[in-house]
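These are the residues of each chain, in order.
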Amino acid sequence: KDLRNKSKEAEAHNNLGKTYQLKGNYDQSMMFYQQLLSVAVRLNNLTLKAQAYGGMGQANRAMNNLVHAQSCREQQLKICQDINDQEGQLVALTHLGHVHRAGNKLSQ
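Conventions and cut-offs
Residues numbered from 1 in each chain as written. Predicted model: local features only at pLDDT ≥ 70, side-chain atom pairs only at ≥ 80, totals over all residues. Heavy atoms only, no water. Axes fitted to C-alpha atoms, helices over the stretch in contact; angles between N-to-C directions. Helix = DSSP H or I, 4+ residues; strand = E, 2+ residues; numbered from the N terminus. Parallel < 35°, antiparallel > 145°, perpendicular 65-115°, else oblique. Left-handed = near helix turned anticlockwise from the far one by under 90°. Contact = heavy atoms within 4.5 Å. Nonpolar A, V, L, I, M, F, W, Y, C, P; charged D, E, K, R; others polar. Expected span 1.5 Å × (residues − 1). Buried < 20%, exposed > 50% of the residue type's maximum accessible area, 1.4 Å probe, protein only. Arc of directions from axis to C-beta. Core = buried A, V, L, I, M, F, W, Y, C linked by side-chain atoms within 4.5 Å.

Chemist: Help me get a handle on the packing of helix 1 (residues 2-22) against helix 2 (residues 26-43), residues and values and all.
Modeler: Contact pair helix 1 / helix 2: the axes reach a minimum separation of 8 Å and the direction vectors enclose 160°. Viewed along their axes, helix 1 and helix 2 adopt a mutual orientation that is roughly antiparallel. In this structure, helix 1 crosses over helix 2, and the sense of that crossing is left-handed. Residue-level contacts link Leu-3, Lys-6, Ser-7, Glu-9, Ala-10, His-13, Asn-14, Leu-16, Gly-17, Lys-18, Tyr-20 and Gln-21 of helix 1 to Tyr-26, Gln-28, Ser-29, Phe-32, Tyr-33, Gln-35, Leu-36, Val-39, Arg-42 and Leu-43 of helix 2. Tallied by class, residues from the contact of helix 1 with helix 2 come to 10 nonpolar, eight polar and four charged.

So this is what it looks like as structure tokens:
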């Protein structure tokens with residue numbers, strides 16, 4: 001039962017992170033993604049960890065924190081490689097490309 005509750009808690013944190021991100025409230029979004037990461041670590045759930053890093057990467061990119069966005073996406077990619085999640089790898093690589101493109105625009 002506790003595991004099921006923790007899984008629901010993780011889902012709620014992920015959904016709230018996405019919702020606040022869509023509303024442009026990136027600080028709140030980051031808080032929920034960090035809470036998701038904490039639950040994922042407690043559950044030893046690598047898929048949830050990858051989701052958390054992906055969400056934090058997206059929020060950091062939206063805030064123009066490109067170094068942090070890149071770090072989060074690289075962590076997401078590493079986890080997805082470790083668990084052989086090919087779709088997750090594609091998502092992480094695509095978003096790493098977006099981060100690099102945003103960085104190139106800033107340097108011009």
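The structure having been displayed, the exposition proceeds.
Chemist: Tell me about helix 1, residues and numbers included.
Modeler: Given a rise of 1.5 Å per residue, 21 residues ought to cover 30 Å, and the 30 Å separating the end C-alpha atoms of helix 1 matches this to within 8%. All buried positions along helix 1 are accounted for by Ala-10, His-13, Asn-14, Gly-17 and Gln-21. For helix 1, the angular spread of the buried residues around the axis is 95°, confining them to a single face. Exposed and oriented more than 90 degrees from the buried face of helix 1 are Arg-4, Lys-8 and Leu-22. Where helix 1 is buried, its residues touch helix 2 and helix 3 (46-62).

Chemist: Lay out the packing of helix 3 against helix 4 (residues 66-82) with the relevant residues and their values.
Modeler: Two numbers describe how helix 3 lies on helix 4: the axes approach to 8 Å, and their chain directions differ by 160°. Taken together, helix 3 and helix 4 sit at an angle that is classed as roughly antiparallel. In the crossing of helix 3 with helix 4, the sense of the turn from one axis to the other is left-handed. Residues Leu-46, Lys-49, Ala-50, Tyr-53, Gly-54, Met-56, Gly-57, Gln-58, Asn-60 and Arg-61 of helix 3 pack against Leu-66, His-68, Ala-69, Cys-72, Arg-73, Gln-75, Gln-76, Ile-79 and Cys-80 of helix 4. Looking at the contact of helix 3 with helix 4 residue by residue, the classes come out as nine nonpolar, seven polar and three charged.

Chemist: Which residues make up unusual backbone geometry, and what values go with them?
Modeler: As a rule of thumb, non-glycine residues mostly have phi less than zero, and peptide bonds are mostly trans rather than cis. For Asn-44, which is not glycine, the phi dihedral falls at a positive 55°. Structurally, Asn-44 can be placed in the loop between helix 2 and helix 3. Residue classification places Asn-44 among the exposed positions, given a relative accessible area of 64%. Unusually for a residue other than glycine, Asn-84 sits at a positive phi of about 55°. Structurally, the position occupied by Asn-84 is in the loop between helix 4 and helix 5 (86-107). Under the relative-accessibility criterion, Asn-84 is labelled exposed at 57%.

Chemist: Describe in detail the nonpolar core, supporting the description with residues and values.
Modeler: Counting 16 residues, the largest nonpolar core has Ala-10, Leu-36, Leu-37, Leu-48, Tyr-53 and Met-56 as the members making the most contacts within it. At the level of elements, helix 2, helix 3 and helix 4 are the ones that each hand at least two residues to this core.

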